[in-house]
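# Observations on the model geometry
Here's the letter readout for the chains.
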Amino acid sequence: MSKTWRPATQLVHGGTLRSQYGETSEAIYLTQGFVYETSEAAEARFKGETDGFIYARYGSPTNDMFEKRMCALEGAEDARATASGMAAVTAAVLCQVKAGDHIVAARALFGSCRWVVETLAPKYGIECTLVDGRDLANWEKAIRPNTKVFFLESPTNPTLEVIDISGVARLANQIGAKVVVDNVFATPLFQKPLELGAHIVVYSATKHIDGQGRCLGGVVLADKAWIDENLHDYFRHTGPAMSPFNAWTLLKGIETLPLRVKQQTENAARIADFLADQNKIAKVIYPGREDHPQADIIARQMTGGSTLVAFELKGGKEAAFALQNALEIIKISNNLGDSKSLITHPATTTHKNLTEEARAELGISPGTVRLSAGIEDTEDLIEDFARALAKVSG
């Protein structure tokens, strides 16, 4: 595989293995285990003296292709594919900490991500401090002698805040901590956390990478030394491995990732501009508009906007529900990154388990709505919003 290939080419050909049959599409290796020619060969394989697969919980040819293709796109040395995005997040964070360690995390996280660091980790004696990640001073103030991990997502879910990844990485490097970035909302096409100084990148491959509502998946990417030292044994013994069938499905999805994300982003930008002009909308947040609160950081670390738009209706929850219920093309769903346009009300779905005060801190009001733009015709989507807004009182 050529390192000079551009992303669209890597995502079609990167990491491909072919059997003796010379198949065009990647094969699905639905097997639990593997056989060896001799007992000596099995011993050598388990010792790591020869390359090859041992057990599907550790890896398989189909998963290996997906991991290599993601590495080519992300610019990472190594990766592990997981059963879901949350399996990736949990593995990436917990595999490198122990009782007595301390995590600093941005408070603006997806609900389940926040639960891992705020609720699960403390059960095992791992301390966590949540900070407003937009201000680097907050990260610095939260550092303790036992701080080992900084964890963030950028742009954030659902309010699309942007965090200075390079700045956080500089602070982490000063104390020998590792930065884990959930890069789902930017996609690997618009933001490269490893190039910005982060140490580990995680994705819910369920989102844009599949992008067609078919299967769950996740992936952790980092340098090989970190994976060998931290993630390898955690992954091997706790069993969060991705199904080979899902890996094959994701390989098919990733081939069209640039095409889908390009159209989704163009749709999101146009819809954001349309909504910003509507008198029933209190505010619109989109990484690509000049009025985004962190527009300067976006210009430095992102090469594109996002497929997501956050906006707030003046009429609160009643107006948000009325809008969503009146849409025809755009479907109500808590998923995102799909070819179909999807809309959700975070306060009653993805962030329902946070307190009202915690939601307010994150900028999630009763009127906040999150749109995941699909690949439909832009004008149809705008007309769908226009029709629905006309049915919202006020």
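A brief structural summary. (Residues numbered from 1 in each chain as written. Predicted model: local features only at pLDDT ≥ 70, side-chain atom pairs only at ≥ 80, totals over all residues. Heavy atoms only, no water.)

## Brief notes about the environment of Lys-352
Mapping Lys-352 onto the fold places it in the loop between β11 (342–344) and α15 (356–361). By relative accessible area, Lys-352 is classed as partly exposed at 49%. Expressed as a C-alpha distance, the spacing of Lys-352 and Gly-111, which sit 241 residues apart in the sequence, is 8.1 Å. Apart from residues lying up to four places away in sequence, Lys-352 is in contact with Pro-346, Ala-347 and Arg-359. For Lys-352, the side chain forms a polar contact with the side chain of Asn-353, separated by 3.1 Å. (Helix = DSSP H or I, 4+ residues; strand = E, 2+ residues; numbered from the N terminus. Buried < 20%, exposed > 50% of the residue type's maximum accessible area, 1.4 Å probe, protein only. Contact = heavy atoms within 4.5 Å. Polar contact = N/O pair within 3.5 Å; in protein donor to acceptor, adjacent residues only side chain to side chain.)

## Notes on the sheet that holds strand β12 (residues 368–372)
If you walk across this open sheet you meet the five strands as β8-β9-β12-β11-β10, and the pairing is mixed. Where the open sheet ends on each side, the last strands, each with one partner, are β8 (281–285) and β10 (331–332). Relative to β11, β10 runs parallel, the two being bridged by two bridges. Within β11, the position partnered with Ile-332 by the bridge is Ile-343. Along the sheet, helix α14 (residues 316–326) contacts β9 (308–313), β10, β11 and β12; its crossing angle with β9, the most-contacted strand, is approximately 130°. (Pairing = 2+ DSSP bridges. Axes fitted to C-alpha atoms, helices over the stretch in contact; angles between N-to-C directions.)

## What to know about a nonpolar patch on the surface
A contiguous nonpolar surface patch, about 280 Å² in accessible area, is contributed by Ile-28, Leu-30 and Phe-245. The topology assignment puts Leu-30 in the loop between α1 (7–13) and α2 (39–47). Judged by its relative accessible area of 62%, Leu-30 falls in the exposed class. (Patch = residues over 30% accessible without salt bridge, like charges linked within 9 Å, V, L, I, M, F, W, Y side chains within 5 Å. Areas by Shrake-Rupley, 256 points an atom, 1.4 Å probe, with all protein chains shown as cover. Salt bridge = Lys/Arg side-chain N within 4 Å of Asp/Glu carboxyl O.)

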